[in-house]
Structures are given as structure tokens and as C-alpha cells.
Amino acid sequence: MLTLRLSKCYFFIWEQHTAAGQYASNSGGDKRPVFPDSRGQIILTAIINEHFVTGEPVGSKVLAERFANATGMSSATIRNVMGELEEMGMLEQPHTSAGRVPTDLGYRFYVDNLLGVLSISNDDLRLIGDEYGLNTHETPDRLMERTSHLLSALSNNVGIVVSPSLASDRLQHIEFVNLSDNRILVVLVSAPNIVHNKIIRLKVAFTKEELEATANYLNAEFVGKSLAEIRAEIIKLMHEEKALFDKLLQTAVILCSQSIEDEDSPNEVFVDGTSNILTKSDFADLERLRELIHTIGEKSRLMQIISECIESDAAAKGDVQVVIGSENRTPSLQNCTLISAPYRIGNSSAVGTLSVLGPTRIEYARMISIVSYVARTLEKVMSSDT
């Protein structure tokens, strides 16, 4: 069984609909959310399921056939309930003569209230097990790359994996190796035994002895702290008058600063399956499709978007977050759903994320289960290899 906490965005997105005039008033005339009754919930779920399969607006005739033997579900009742759901802002009618399709508000209510206990299918478990059962003794980068491909293959959408931030990693050991042209290879071992290699280019040259002395100082004084914390502490020391002209501290600040350049950004992002969105009828608007592809291609922007979706408390608990349509702050993603889960390696405080990005017409229950399970599996595989 998967225990999930989903982002509570119902009231936020409801306010957006009320601003556009899509709301239902209670008997006192107050503009407060009106929730569907049991019949409304059944009809909403049926419409979402049917719309996922066909991609077309769902009419009352189709539902009447589905509920032909259900007591109290006559064609007239179904039409009335669909009308009530539309008044609540959970359904909309694309064309006058067409059936209804779910709105972002309808999907949000469905995700927060109607999914029930989530489980992962045996077929999905087998595919995930097959992927991680082979060649697991690989570098973290290779495992994250394979995971983005796995998410894309399982979802038939875009799979995204963001590595944990190097600046947040806890130092176990660090070395600096002189290369040519004022370049230095930084070899950093972070908890739990993950090796990072990064080449930095400096404006000044350092001798081998200076690099060794700086590395020895960092290893002796700052083991267990993140690079960001190390840099902050060294800068604090340098502001003390006695340390203002300490060559060792100055060297340490330069090397740490360059080693964690763009420290608020994760190390790497792995994207797979962008071509999948080209096959989706949901993205028929070519201009919006171009904007979406451009956003996916901007990896730094994509990392920022995903980090905004993972709340700090959710990251601490390992919870799945679901951001639907207009809940996305980025205009090019407002026809999309982003399902994300955090992961960490061993006892590391650094958090990465993995996500599935697709249209709002997506298999919510299945994708939430897959994203959650793959995140936990990636944690186990990467921790066992360290």
C-alpha cells in the first residue's frame, strides 16, 4: 500500500474559477465551494475515466449506457447532475452541442477526494523490477538517466529526474587536483560515499601545495557539513579581523565558491520522452505546443518549476505532489499535469526529485502510484551501491 499526501490546491484553484464567474452559491448567497454529493462524485469519476480513454467530450447518453442498470441513474438524472457539476466549475462544455469535459477544478477534486487507496499493478511492478534488476552497479548519473527513460516508458509522457543539489551534500572528503590553464579538478565525496567530479576554472593559479593545504583544512574542520555551510562559515571567519588576510581561508573561499557555482540549482536534470507529447491530441494548439517544448528544453527553468512544486514538508516526508493545469505558475504548463516525488540517497540531506509531465488528461491513480514507487526504488538502488 502506498501512503500519499497530495497537494491541497482545491481552494486555490476554486478561487481562480470564481474569479472567472464559475462558482455555485449556497442558499445564503455566499460564494463558497459546493462539493458534489455521492451521485455527483460517481458521475464526475465516470466522465474523467471516459474522457481519458476517448479524449472526447462525454455526453449523457454515453453515461446512461454505463449506468443502465443503476438505480436512480436515469438519463434525466444524469443530465441534471452533469449540469450541477458544470455550475460548480468541475465540468465544462467545449461546444454548445458537445458533451462535457473535466476542468482543472474537477481533476483537483477527483485527485484529492476520489482516488481512494492507491496500489501499483503487477505489470508495472514487473517492469520496474526488470529495469532496476539489471546493471544496477552504475554511476548515479546513469541510474538517474535510466529512471527518466523508465518514467517516460511507463507513462507514455515526459519522464524527468533531477539530481540532488551538490551544495546540500554533506562532505566526507574533498581533493583539488591541478590541471592546465588554471583549471582544477574538484573530487568531492559526499554522504553516503557518492563521488562527484567537477572541473572549475579560476582567474588565479594555485600551487599543488596550496591545494593540498586547503583540502586538508576542509577535511579536518568541516566534515559532515554541506559545501554551502562550509563557504558561509569560512566567509564569516574572514570577516573577523584576525583572519582578513589569511591566505588559506581566502583560497578555501575561492575554491568552495567555484565548486558550488549556482548553489541553489540541482546538479543535473535528465529528461526523456519529449517526443511523446507530439502524439497527444491535448496539445493540438501548435503555438502552445512550441512553448511547452521550449520550456522542457530549458533545463534550468524546468528544475526551478519542479523545485517549486515540491514543498519543503513534502520533501521531508517523501510525499507525492500533483500540480494540475492552471495551478502551474508557468503559462506553457497550464495545459499540463506535473506529478512529482522527492528522493534522497541514504542519509543525505540533499533532495532530488523525479516527475512525470503530461496533459491534464492523464491516469492519475496509476501515475501517482508509479512516481511514488519509483522514487522509493531509486533511493534503495542508489543507496545500496554507495
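Our subject is the structure listed above.
Residues numbered from 1 in each chain as written. Predicted model: local features only at pLDDT ≥ 70, side-chain atom pairs only at ≥ 80, totals over all residues. Heavy atoms only, no water.

1. Some details on the overall build of the protein chain
This is how it is decided: Segments assigned H or I by DSSP are reported as helices when at least four residues long, segments assigned E as strands when at least two residues long, and all are numbered from the N terminus. Contacts were defined at the residue level, with two residues in contact if any of their heavy atoms lie within 4.5 Å. All accessible areas in this document rest on Shrake-Rupley with a 1.4 Å probe, and a residue is counted as covered only by the protein chains that are shown.
Per the secondary structure count, the protein chain includes 14 helices and 10 strands. The long-range fraction of contacts in the protein chain, counting pairs at least 24 apart against all pairs at least 6 apart in sequence, stands at 64%. Accessible surface, the protein chain as shown: approximately 19,000 Å² in total, 49% of it carbon and sulfur.

2. With respect to helix α11 (residues 286–297)
Going by this rule: Residue count minus one, scaled by 1.5 Å, sets the expected span of a helix. Counting of polar contacts relies on pairs of N or O atoms within 3.5 Å, with two restrictions inside protein: one atom must be capable of donating a hydrogen and the other of accepting it, and residues adjacent in sequence are counted only when both atoms are side-chain atoms.
Between its terminal C-alpha atoms α11 stretches 16 Å, which fits the 16 Å expected from 12 residues at 1.5 Å a residue. Buried residues belonging to α11 abut β3 (158–162), β7 (269–272), α12 (299–309), β9 (336–343) and β10 (352–359). Two to three positions downstream of the cap, the backbone nitrogen of glutamate 287 sits 3.0 Å from a side-chain oxygen, assigning the N-cap of α11 to aspartate 285.

3. Concerning the sheet that holds β3
Within a sheet, each strand pairs with its neighbour through backbone hydrogen bonds, oriented either parallel or antiparallel. In plain terms, the rule: We treat two strands as partners when DSSP finds at least two bridges between them. Between N-to-C directions, angles span 0 to 180 degrees; the directions come from axes that are lines fitted to C-alpha atoms, helices contributing only their stretch in contact.
Strands sit in the order β7-β3-β10-β9-β8 across an open sheet of five strands; the sheet is antiparallel. What marks the edges here is a single partner per strand, and that holds for β7 and β8 (321–324). Along the sheet, successive strands turn relative to each other by an average axial angle of 15°, direction set aside.

4. A few points about the side chain of histidine 51
Relative to the assigned elements, histidine 51 resides in helix α2 (residues 38–54). Contact partners of histidine 51, with chain neighbours within four places excluded, come to Glu56, Pro57, Val58, Val101, Pro102, Tyr107 and Arg361.

5. Topic: the sheet that holds strand β6 (residues 194–201)
Taken together, the three strands give an open sheet; going across it, the order is β4-β5-β6, and neighbouring strands pair in antiparallel fashion. The open sheet has two free edges, formed respectively by β4 (171–178) and β6, since each of these has just one partner strand. The mean angle between the axes of side-by-side strands here comes to 20°, regardless of whether they run parallel or antiparallel. Where strand β5 (residues 183–190) meets β6, eight bridges bridge the pair, whose relative direction is antiparallel. Note on β6: the bridge partner recorded for arginine 183 is arginine 201. The sheet contacts of helix α8 (residues 208–221) involve β4 and β5, and relative to β4 the element is tilted by about 175°.

6. Some words on helix α7 (residues 140–155)
What counts is decided by this rule: Three exposure classes are used, based on accessible area relative to the maximum for each residue type with a 1.4 Å probe and protein chains only: buried under 20%, partly exposed in between, and exposed over 50%.
The first and last C-alpha atoms of α7 sit 22 Å apart over 16 residues, in line with the 22 Å expected at 1.5 Å per residue. For α7, the full list of buried residues reads Leu143, Met144, Arg146, Thr147, Ser148, Leu150, Leu151, Ser152, Leu154 and Ser155. Backbone geometry just after α7 places asparagine 156 at a positive phi near 55°.

7. Thoughts on the side chain of serine 340
Tracing the backbone through its elements, the reader meets serine 340 in strand β9. A polar atom in the side chain of serine 340 sits 2.7 Å from the side chain of serine 355. Excluding residues within four positions of it along the chain, serine 340 makes contact with Ile306, Ile310, Asp319, Val320, Gln321, Leu354, Ser355 and Val371.

8. Side note on the pairing of β8
The two faces of β8 match: Gln321 and Val323 on one face and Val322 and Ile324 on the other face are all buried. As defined by bridge partners, β8 adjoins β9 across four bridges and the pair is classed as antiparallel. Following the sheet pairing, valine 322 is matched in β9 by isoleucine 339.

9. Structural notes on the pairing of β4
Where β4 and β5 come together, seven bridges link them in antiparallel fashion. Looking across to β5, one finds that leucine 171 is bridged to serine 190.

10. Some points on the packing of aromatic side chains
Inclusion rule: The pairing test for Phe, Tyr and Trp rings, Trp by its six-membered ring, is centres within 6.5 Å, and the orientation test on the planes gives stacked under 30 degrees, edge-to-face over 60, and tilted for anything in between.
Applying the stated criterion across every chain yields a total of four aromatic pairs. Taking 6.4 Å as the distance between ring centres and 70° as the angle between the ring planes, the aromatic pair formed by tyrosine 110 and tyrosine 364 counts as edge-to-face. Of the two residues, tyrosine 110 is situated in helix α5 (residues 104–113) and tyrosine 364 in helix α14 (residues 364–384); the sequence distance between them amounts to 254 residues. Tyrosine 364 carries the same exposure label as tyrosine 110, and that label is buried.

11. A closer look at the nonpolar core
For clarity, the threshold we go by: As used in this record, nonpolar core signifies buried Ala, Val, Leu, Ile, Met, Phe, Trp, Tyr and Cys residues forming a set joined through side-chain atoms within 4.5 Å.
Within the largest apolar cluster, 55 residues are counted, with the highest numbers of intra-cluster contacts made by Ile43, Leu63, Leu354, Tyr364 and Ile368. Counting residues per element, this core draws most heavily on α14, at 10 residues. Excluding residues that lie within four positions of it along the chain, leucine 63 makes contacts with Ile43, Ala46, Ile47, Val58, Ile78 and Met82. Counting residues in each nonpolar core, the second largest holds 22 residues, with Ile174, Phe176, Val186 and Tyr217 among its members.

12. Some points on a nonpolar patch on the surface
How we decide: For patch detection, residues must exceed 30% relative accessible area and be free of salt bridges, and they are connected within 9 Å for like charges or within 5 Å for nonpolar side chains (Val, Leu, Ile, Met, Phe, Trp, Tyr). For this analysis, a salt bridge means a side-chain nitrogen from Lys or Arg found within 4 Å of a carboxyl oxygen belonging to Asp or Glu.
A cluster of nonpolar side chains, namely Val177, Leu179 and Ile199, defines an oily patch on the protein surface of about 220 Å² accessible area. Locating isoleucine 199 in the fold gives a position in strand β6.

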